Amino acid sequence: MTTTAAARGRARTPEVASYRMYIDGKFVDARGGSTFDVYDPSTEAVVARVPAGGAEDVAGAVEAARRAFYQAGWKNVSAQERGRILFRIAERIRSRRAELAELETINSGKPIAESEYDMDDAATCYEYYGGLATKIHGEVMPVPADAVAFAMREPMGVAGQIIPWNYPLLMAAWKIAPALAAGCAVVIKPAEQTPLTLLRLAEDFEAVGLPPGVVNVVTGDGPGAGAPLVSHPDVRKIAFTGSAEVGRLIMRNAADQLKRVSLELGGKSPNIFFSDADFENAVDGALFGTFVNQGEVCSAGSRVLVQRDIYSKFVDAAAAKAKTIRLGPGLDRDTKMGPLVSAEQRDRVAGYLKTGRGEAKVAVGGGRPKQFDKGWYVEPTIFYDVDNAATIAQEEIFGPVMSVIPFTDEAEAIRIANATPYGLAAAVWTRDIFKAFRVVKALEAGIVWVNHMQPTFVEAPWGGYKASGFGRELGHWGVEEYLETKQVFINLDEKPIGWY
Ligand code: NAP
Ligand code: MG
């Protein structure tokens, strides 16, 4: 059977593709009929039009999810079958890797090699949860001999999921895969900037065996489509990744219904370099930790703490190397750093660069690169002699901006590292294993790397301490976020109640 691109949800015109959102197994326009533009950050050109979903569209999607879960029987589909569906989604991502990666780069700006890694990671995530689906089970409790008591695990029902623009298809995988493994139905809202790859993947949802309504993709902006999802009474749980500001709003809006929430809110992660660390690796680790994905990374190690005896040499070496980072359009394979995702984000980062120039010294960068007349580019920037109380050391910038802070000894490093409202990630670089473990134990962060920064595996828990949110994604922790626990007690005593 052949399906035209238009019937599958997109119609190609020479430049601008029209996409539709995916509700109840069909590609549809917004009920209100409006659309918004989606851009290529390297050219600033509109590349797609996408429906601007609102409360009515969210209500339709939640109703479809509710029907799929309760009436149509998704709730009772076997774990084996759910696992097979997840494996088939992974297989689709792998077989469409080149096409999806290219679209991810066009839409987000990131270098094509990073998009390819993202596609591989997304497929691996569906595979992991495909396997985990059949390993979700309860426990039996040791009650007296004339009874049996056990704890069952049950899917929560309809899950609402709201994701950011920095890893579009991968963040969707982190949310959709564990929810389906748990047996939930899903309504997901991608970020308005980057909805394209998930809509493209949704073309395959029917073919992989997902019944209509089990996964719904509603496009739109936060206030228009995100907020009604959070306040919908039939949504049992909200999983959110994004800014702390919106995270607070979501928690407040979910409170009325005592809705479960899990929040991954980014951070201002310390990357700590002791003078006994391998110097070359340390410099590379600082640059990679801050500049990968244009710095648009929730776990970016953008607070670089360097011991005083290597401090000047470190700043010089990092600045020299940062100058060699090649900026350009993501589809160019020589590009190491692409443009930021949007004009708005470029302007936000530019605002921090201005603030930073008043707070610290500039080792490299600090503005817009001169060589491009189009594209939302920002120079990789290193500020040094930064006070940890400065704005550029405390606020999440979400761009290629490093703040280097000197420290004298281990105690001072730990104190500065923890002096932030956030606690998502941290890294420590040293060849002294005793020191490494002492620092690991002292850091208030959900993820701590030793002699590396950023490696992320689907098997391991991901999430923050403090204002970086709560709940954990990935690993078996990820699926817990979509499960309820039901205690069942079975009496075996034929005359149990002797009081009356
Ligand atoms: P954001 O506003 O937090 O967006 C994240 C998601 O939440 C998007 O899908 C957004 O929708 C949605 N949203 C916004 N307002 C909402 C509301 N009232 N109710 C429900 N959902 C809502 O992030 P951003 O505006 O894209 O970026 C701003 C800053 O957030 C960045 O500079 C960065 O510091 C931080 N950020 C952090 C992460 C992270 O992974 N921790 C990711 C992205 C951004 P729309 O964007 O479509 O309107
Ligand atoms: Mg936004």
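Residues numbered from 1 in each chain as written. Chains lettered and ligands numbered in written order. Predicted model: local features only at pLDDT ≥ 70, side-chain atom pairs only at ≥ 80, totals over all residues. Heavy atoms only, no water.

Concerning the overall build of the protein chain
- The secondary structure content of the protein chain amounts to 15 helices and 22 strands.
- Computed over the C-alpha atoms, the radius of gyration of the protein chain is 24 Å, within 12% of the 23 Å expected from 2.2 N^0.38 for a compact globule of 500 residues.
- Taken along its principal axes, the extent of the C-alpha atoms in the protein chain is 80 × 65 × 40 Å.
- Here the protein chain holds 500 residues, and the buried ones make up 56% of them.
- Long-range contacts, defined as pairs at least 24 residues apart, comprise 73% of the intrachain contacts of the protein chain with a sequence gap of at least 6.
- Just so you have it, the protein chain exposes about 21000 Å², and 54% of that area is on carbon and sulfur atoms.
- One way to put it: in the protein chain the 55 positive side-chain charges average out to a point 1 Å from where the 62 negative ones average out. (Helix = DSSP H or I, 4+ residues; strand = E, 2+ residues; numbered from the N terminus. Rg over C-alpha atoms; globule rule 2.2 N^0.38 Å. Buried < 20%, exposed > 50% of the residue type's maximum accessible area, 1.4 Å probe, protein only. Contact = heavy atoms within 4.5 Å. Areas by Shrake-Rupley, 256 points an atom, 1.4 Å probe, with all protein chains shown as cover. Lys, Arg positive; Asp, Glu negative; His and termini not counted. Charge placed at Lys NZ, Arg CZ, Asp CG, Glu CD.)

Quick look at the sheet that holds strand β22 (residues 483–491)
- A sheet is described by the order of its strands in space; here three strands give the open sequence β7-β8-β22, paired in antiparallel fashion. For this open sheet the edge positions go to β7 (139–141) and β22, each flanked by a neighbour on one side alone. Recorded for the sheet is a direction-independent mean angle of 25° between the axes of neighbouring strands.
- The pairing of strand β8 (residues 147–155) with β22 spans nine bridges and is classified as antiparallel. (Pairing = 2+ DSSP bridges. Axes fitted to C-alpha atoms, helices over the stretch in contact; angles between N-to-C directions.)

Regarding the side chain of Ser 403
- The residue Ser 403 is located in strand β18 (residues 401–407) in this model.
- Apart from residues lying up to four places away in sequence, Ser 403 is in contact with Ser 302, Arg 303, Val 304, Phe 383, Val 386, Ile 392 and Ala 393.

Remarks on the nonpolar core
- Counting 132 residues, the largest nonpolar core has Ile 93, Tyr 126, Tyr 129, Leu 180, Leu 210 and Phe 314 as the members making the most contacts within it.
- With twelve residues, helix α5 (residues 168–182) is the largest single contributor of residues to this core.
- Apart from the residues lying within four places of it in its own chain, the contact partners of Leu 210 are Trp 74, Ile 85, Ile 89, Leu 180, Phe 205 and Val 215.
- Among the nonpolar cores identified, the runner-up in size contains 27 residues, and Val 401, Ile 414, Ala 417 and Val 439 belong to it. (Core = buried A, V, L, I, M, F, W, Y, C linked by side-chain atoms within 4.5 Å.)

Quick word on the domain arrangement of the protein chain
- Domain assignment breaks the protein chain into domain 1 (5–265 + 468–486) and domain 2 (270–450).
- Between the C-alpha centres of domain 1 and domain 2 there is a distance of 31 Å.
- In this complex, domain 1 contributes 27 residues to the contact, which on the side of domain 2 involves 30 residues.
- Together domain 1 and domain 2 conceal approximately 2300 Å² of surface at their shared face, both sides included; 58% is due to carbon and sulfur atoms.
- It is Glu 44, Trp 165 and Ser 468 in domain 1 that bury the most area against domain 2; as a group they hold 24% of the surface buried on that side.
- A salt bridge links Glu 116 to Arg 333; the shortest N-O distance between them is 2.5 Å.
- Across the domain 1-domain 2 interface, the total number found is ten residue pairs in polar contact (both at pLDDT 80 or more). (Domains from an automatic or database assignment. Buried area = accessible area lost by both parts, 1.4 Å probe. Salt bridge = Lys/Arg side-chain N within 4 Å of Asp/Glu carboxyl O. Polar contact = N/O pair within 3.5 Å; in protein donor to acceptor, adjacent residues only side chain to side chain.)

What to know about helix α14 (residues 433–442)
- Considered for burial, the residues of α14 that qualify are Lys 435, Ala 436 and Val 439. End-on view of α14: buried residues confined to an arc of 100°, all on one side of the axis. Structural note: α14 exposes Ile 433, Phe 434, Phe 437 and Lys 441 on the side pointing more than 90 degrees away from its buried face.
- Where α14 starts, the residue carrying a side-chain oxygen 2.9 Å from the main-chain nitrogen of Phe 434 turns out to be Asp 432. (Arc of directions from axis to C-beta.)

Describing the sheet that holds strand β20 (residues 447–450)
- Strands sit in the order β16-β17-β18-β15-β14-β19-β20 across an open sheet of seven strands; the sheet is mixed. Of all the strands in the sheet, just β16 (361–364) and β20 have a single pairing partner and so form its edges. Shown here is a sheet whose adjacent strand axes are inclined to one another by a mean of 25°, direction ignored.
- Inspection of the sheet shows strand β14 (residues 270–273) paired to strand β19 (residues 425–429) by three bridges, in the parallel sense. Across the sheet, residue Ile 272 finds its bridge partner in β19, namely Val 428.
- The strands touched by helix α10 (residues 308–322) within the sheet are β14, β15 (303–307), β16, β17 (381–384) and β18, with β15 carrying the most contacts at an inclination of about 135°.

With respect to the environment of Gly 209
- Looking at where Gly 209 falls in the secondary structure, it is placed in the loop between α6 (196–202) and β11 (215–217).
- Judged by its relative accessible area of 32%, Gly 209 is partly exposed.
- Taking the C-alpha atoms as reference points, Gly 209 and Val 158, 51 residues apart in sequence, are found 19 Å from one another.

Things to note about the site of ligand 1
- In the region of ligand 1, 29 residues are neighbours, and Ile 163, Trp 165, Glu 192, Gly 222 and Ser 243 sit closest.
- For ligand 1, a nitrogen atom lies 3.2 Å from a polar atom in the backbone of Gly 242.
- Between ligand 1 and Gln 345 there is a distance of 3.0 Å, counted from an oxygen atom to a side-chain nitrogen or oxygen.
- Coverage of ligand 1 by the protein chains reaches 91% of its 850 Å² of free accessible surface. (Near = heavy atom within 4 Å.)

Comments concerning the pattern of salt bridges
- One pass over the full model with this rule turns up 29 salt bridges.
- Residues Arg 96 and Glu 99 are paired through a salt bridge, measuring 2.9 Å at the closest nitrogen-oxygen approach.
- Relative accessible area serves as the criterion here: at 10%, Arg 96 is assigned to the buried category.
- The class of Glu 99 is partly exposed, set by a relative accessible area of 29%.
- The salt bridge partner of Asp 347 is Arg 346, with a shortest N-O separation of 2.9 Å.
- On the basis of relative accessibility, which here comes to 10%, the residue Arg 346 falls in the buried class.

Quick notes on the environment of Ser 108
- Mapped onto the fold, Ser 108 is located in helix α3 (residues 97–108).
- Owing to a relative accessible area of 3%, Ser 108 belongs among the buried residues under this scheme.
- Polar side-chain contacts of Ser 108 include one of 3.3 Å to the backbone nitrogen of Lys 110.

Structural notes on a nonpolar patch on the surface
- A surface patch of nonpolar side chains, amounting to about 340 Å² of accessible area, comprises Val 140, Val 148, Ile 490 and Leu 492.
- Mapped onto the secondary structure, Ile 490 falls in strand β22.
- Ile 490 sits in the partly exposed class, given a relative accessible area of 35%. (Patch = residues over 30% accessible without salt bridge, like charges linked within 9 Å, V, L, I, M, F, W, Y side chains within 5 Å.)

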